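Report on the structure
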Amino acid sequence: MRTAPHLLALALSTLSLVACSDDSALSPVGTWRAVEHGADAPTPIADRTTMTFDADGTLVIVDGGAAAAPVPWSIDGDLLTYQIIEPSETHTVVTPIAIADGHLLLAAMDAQGAVDGVVGTWRYHGSVNAVQLDRTLTLRADHTASLTEQTTPGDGPMTYAATWEDSAPGLRVRIPIGPSTTVSFKLFTLDGVLGGDLFEQI
């Protein structure tokens, strides 16, 4: 089964290898179901993660048919804030989103200058529990890539050589770490924006 999307912000942050506003332009109110990535094994529709954003500022995430306890959410511009409750602690996630054509994209990245499809430079900035993550990803036409990321507080920026591949309806980035280990993460595009997990409104 695919990684639950509410873990995405945490998964991205660990790649460092060392009530809602009525006048917001973006509104995720409604129920959204995860879209399968081309690199995922097929998952029955009933088992795909859903996120239901209530207008009263509560969010319910259902993963594999099991519903988590309701958590608060809010949005400011394109920045979505919500919580992940785990037995040991509660995580507060702040991440940019994009909404278009009945789809919701988490962990949205801004294009830095001109891009050609996904080829170009993209920047993500979000946080988990007030730890800021700034990531710049460059995808080249020859399918090589580079990733620079900085956590604050944390050590100085780290840069990694990478490769990327098409995996419709998304793409996958691979980062070799040492002679026998590769870290990979999956991305989607939505209306010219590159980002993390993609949902369809249901």
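Residues numbered from 1 in each chain as written. Predicted model: local features only at pLDDT ≥ 70, side-chain atom pairs only at ≥ 80, totals over all residues. Heavy atoms only, no water.

**Thoughts on unusual backbone geometry**
Comment: phi is negative for the bulk of residues other than glycine, and the bulk of peptide bonds are trans. Let me state the cut-off plainly: Put simply, DSSP marks the helices as runs of H or I at least four residues long and the strands as runs of E at least two long, and each gets a number from the N terminus on. Relative accessibility decides the category of a residue: with a 1.4 Å probe and only protein chains considered, values under 20% of the type maximum give buried, values over 50% give exposed, and everything between is partly exposed.
Look at the link from Thr152 to Pro153: it is a cis peptide, with omega at 0 degrees. Within the fold, Pro153 resides in the loop between strand 13 (144-152) and strand 14 (158-167). Following Ala168, the chain continues into Pro169 via a peptide bond in cis, with omega recorded as 10 degrees. Along the chain, Pro169 falls in the loop between strand 14 and strand 15 (170-177). The phi angle at Asp101 is positive, at roughly 50 degrees, despite the residue not being glycine. Looking at the element boundaries, Asp101 is found in the loop between strand 8 (98-100) and strand 9 (103-105). Judged by relative accessible area, Asp101 falls into the exposed class, the value being 68%. Its identity is not glycine, yet Asn129 carries a phi of approximately 55 degrees, on the positive side. Relative to the helices and strands, Asn129 resides in the loop between strand 11 (120-128) and strand 12 (131-139).

**Overview of the packing of aromatic side chains**
Counted only if it meets this: Here a pair means two rings of Phe, Tyr or Trp (six-membered ring of Trp) with centres within 6.5 Å. Their orientation is stacked below 30 degrees between planes, edge-to-face above 60, and tilted elsewhere. Note on geometry: a ring has a charge over it if NZ (lysine) or CZ (arginine) is within 6 Å of the ring centre and within 35 degrees of the ring normal.
Evaluated as defined, the whole model comprises one aromatic pair. Ring centres of Phe53 and Trp73 lie 5.3 Å apart, and the angle between their planes is 85 degrees; this geometry places the pair in the edge-to-face category. Here Phe53 is found in strand 2 (residues 50-53), whereas its partner Trp73 is found in strand 5 (residues 71-76), with 20 residues between them in sequence. A relative accessible area of 1% places Phe53 in the buried class. Of the residues examined, Trp73 reaches a relative accessible area of 1% and is grouped as buried. The ring of Phe185 has Arg135 sitting right over it, with the charged end atom 5.8 Å from the ring centre.

**Comments concerning the pattern of salt bridges**
Test applied: A side-chain nitrogen of Lys or Arg and a carboxyl oxygen of Asp or Glu constitute a salt bridge if their distance falls within 4 Å.
Scanning the entire structure with this criterion turns up seven salt bridges. Between Arg172 and Glu165 there is a salt bridge, with its nearest N and O atoms 3.6 Å apart. Of the charged contacts in the structure, one is a salt bridge between Arg174 and Glu165, with a shortest N-O distance of 3.2 Å. One continuous salt-bridge network, built from bridges that share partners, spans Glu165, Arg172 and Arg174.

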